[in-house]
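Below are the chains, spelled out letter by letter.
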Amino acid sequence: MVSHVLLRRQGQCFILQDTCLTFRRALGLTNKGMGLGEDFNVDSWSQEDCRRVDGMGWGLRQPSCSRGMASSSDGGLKEAMTYCQRVVKEKEYENYLWCSQLKPEYRAPIIALRALGIEIQAVQEHARTEMLLMMRYQWWKDSVRKAFEATQSYEMSQPVMKAVSELVRQATISKYRVMRMIDAHETDALRTSPMVSMGELEDYAEGTCSQLLYMQLEACGLATAATEHAASHLGKAIGLSQVLRNAVVYLKKGKTYFPEDICKKYGVTPTEFLVNDSPSDVAFEVAKVAKAHLDAARTHEVIEPEAAPLFNQALSVELYLNALEKANFDIFSASMHRGGYLPVEYLIKLKWRMMRGEW
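Here the structure is a predicted model, which is why all the values come from computation and not from measurement.

Visitor: Please provide a residue-by-residue account of the pattern of salt bridges, values included.
Guide: A complete count under the given rule lists 18 salt bridges for this structure. Ionic pairing is found between Lys103 and Glu306, a salt bridge with its closest N-O pair at 3.9 Å. Here Glu306 lies in the loop between helix 15 (279-299) and helix 16 (314-326) and Lys103 lies in the loop between helix 5 (93-100) and helix 6 (104-121), a separation of 203 residues in the sequence. Judged by relative accessible area, Lys103 falls into the partly exposed class, the value being 37%. A salt bridge links Arg169 to Glu166; the nearest nitrogen and oxygen atoms lie 2.8 Å apart. Highlighted residues: Arg169 and Glu166, both in helix 9 (residues 159-170), separated by 3 residues, approximately one helical turn. Note on Glu166: relative accessible area 3%, which makes it buried. Sharing partners across several salt bridges, the network here consists of Lys141, Asp183 and Glu186.

Rendered as C-alpha cells:
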C-alpha cells in the first residue's frame, strides 16, 4: 500500500508519493490522523492511540478522545491546545511535523511549550515602543508566576498560558527556565546596539533556544545531566542557525545579530551587509560555530534511546548548514531565500532517523 502525503508550507503544496506504510508501522502509528505530515488533532485519534497516552493529565485516556478534551471540567483546555497547535503549525511548520511524529504523550506538552516560545518571541514584533515592550513582557512574567501558583488551569484566560498552566500542574517544569527565556527575549528586544562578541550571541541562543529544549525534556520526564548537556549545545546550534536563516529579514528591519568582533574582522558594519559581499565571510564564521555546537551535542554525551526523538530538531540545523555551505555561505542567494531545502527532504530524513533511533 502507498500513502500519499500532502505537505503544506508557505502556500505551496508538495506531493510525496510512494511513502510506504512501513514507516507508520515501524513507529507504532495507526493509519488515521497520526501519519506523515497529517494534522494530529485529538479528534482524529483512534481509541487505541488514546490508550497509549500515559498519565500526562491531558484528558485523553477516556474512551472518546473528543469527549475527554471537551468535557466541562477541562475549562476550555481543548480550545487552548487547538490554538497552540495552530500557532506552531503556522510559525514553525518543521517543528509541527516533528511533533506529529513523537509519542502521543509527548505531543501536547511540547506543543504548549513551543507555542509559549513563539508568543514570547512575537512580543517585539507587535510592540512599537520601549514602554509597550516592557509592559507586555511583564504581563508574561506575571502570567507565568500565576501559572505556577494556580491549582487549576482554567484560571488562565490566554490560551497559551491556559495550556502551560495545565502542563505546570501535571509535570515538573522549572519556573526559572521559563523566566530566563522571557528575560533573554526582553533583553534582546530592548537592545539598541549590535552584539559585541560571538560569546554574547551564544548566550542569547542559550537563553532562548536551549531553555526551551530544557523545558521540553522536563515536561517529558527525560531531563538528566547528559540530556541537558546535549540540549545546551543543540540549543546554541539552533539559535545560531536561526540568526542565519532570518538575517535578511532582520537586516531589512534595521536589526542584526552578527557580532561586532566578527564584522570588524572583515572590515564591514551591519548596515553594509545588503550591498557588500563580506556577509558571506561573516555568515561562515557564525555557521562554523553552529556546526561545532551541533557536533558537540551529538558526540559529547550518550543519549538514552527514549530521549533521542526529542533531539531531532538537529536535523533542520544540519540540512540548513549543508545548504548554506553549498551556496558558498551566501545568505542572499536564491536557494537560501527559498529555505535551502524542501520540506519533503526534511520529512523523509526525519522519518528515517526516528525509525532508526538516530538524531
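Following the structure, the description resumes.
Visitor: Kindly report on helix 10 (residues 175-189), identifying the contributing residues and their values.
Guide: Spanning 15 residues, helix 10 covers 21 Å between terminal C-alpha atoms, matching the ideal 21 Å at 1.5 Å per step. Of the residues making up helix 10, those classed as buried are Arg177, Val178, Met179, Met181, Ile182, Ala184, His185, Glu186, Asp188 and Ala189. As for helix 10, its buried residues are in contact with helix 6, helix 7 (123-126), helix 8 (130-149), helix 11 (198-219) and helix 12 (225-245).

Visitor: Describe the packing of aromatic side chains, with residues and values.
Guide: For any pair of aromatic rings, the description rests on two quantities: the centre-to-centre distance and the angle between the ring planes. Under the criterion given, the structure shown has 6 aromatic pairs. Relative to Trp140, the ring of Trp139 lies with its centre 5.0 Å away and its plane at 85°, an arrangement referred to as edge-to-face. Taking relative accessible area as the criterion, Trp139 reaches 40% and is therefore assigned partly exposed. Here the aromatic rings of Phe311 and Trp359 are separated by 5.0 Å at their centres, their planes lie at 35°, and the arrangement is tilted. Of the two residues, Phe311 sits in the loop between helix 15 and helix 16 while Trp359 sits in the segment after helix 18 (343-356), which places them 48 residues apart along the sequence. A single burial state applies to Phe311 and to Trp359, both of which are buried. Cluster of aromatic residues (ring-pair linked, three or more members): Tyr204, Tyr250 and Tyr257. In this arrangement the basic side chain of Arg191 is found over the ring face of Tyr257, its NZ or CZ atom lying 5.0 Å from the centre.

Visitor: Tell me about the packing of helix 8 against helix 10, and please be specific about residues and values.
Guide: Orientation of helix 8 relative to helix 10, taken along the N-to-C sense of each, is 175°, at an axis distance of 11 Å. Classified by the interaxial angle, the pair formed by helix 8 and helix 10 is roughly antiparallel. The segment helix 8 lies against helix 10, with Leu133, Met134, Tyr137, Trp140, Lys141, Val144, Arg145 and Phe148 engaging Lys175, Val178, Met179, Ile182, Asp183, His185, Glu186 and Ala189. Classifying every residue of the contact of helix 8 with helix 10 gives 10 nonpolar, 1 polar and 5 charged.

The rules behind these values
Residues numbered from 1 in each chain as written. Predicted model: local features only at pLDDT ≥ 70, side-chain atom pairs only at ≥ 80, totals over all residues. Heavy atoms only, no water. Salt bridge = Lys/Arg side-chain N within 4 Å of Asp/Glu carboxyl O. Helix = DSSP H or I, 4+ residues; strand = E, 2+ residues; numbered from the N terminus. Buried < 20%, exposed > 50% of the residue type's maximum accessible area, 1.4 Å probe, protein only. Expected span 1.5 Å × (residues − 1). Contact = heavy atoms within 4.5 Å. Phe/Tyr/Trp six-rings, centres within 6.5 Å; stacked < 30°, edge-to-face > 60°. Lys NZ or Arg CZ within 6 Å of the ring centre and 35° of its normal. Axes fitted to C-alpha atoms, helices over the stretch in contact; angles between N-to-C directions. Parallel < 35°, antiparallel > 145°, perpendicular 65-115°, else oblique. Nonpolar A, V, L, I, M, F, W, Y, C, P; charged D, E, K, R; others polar.

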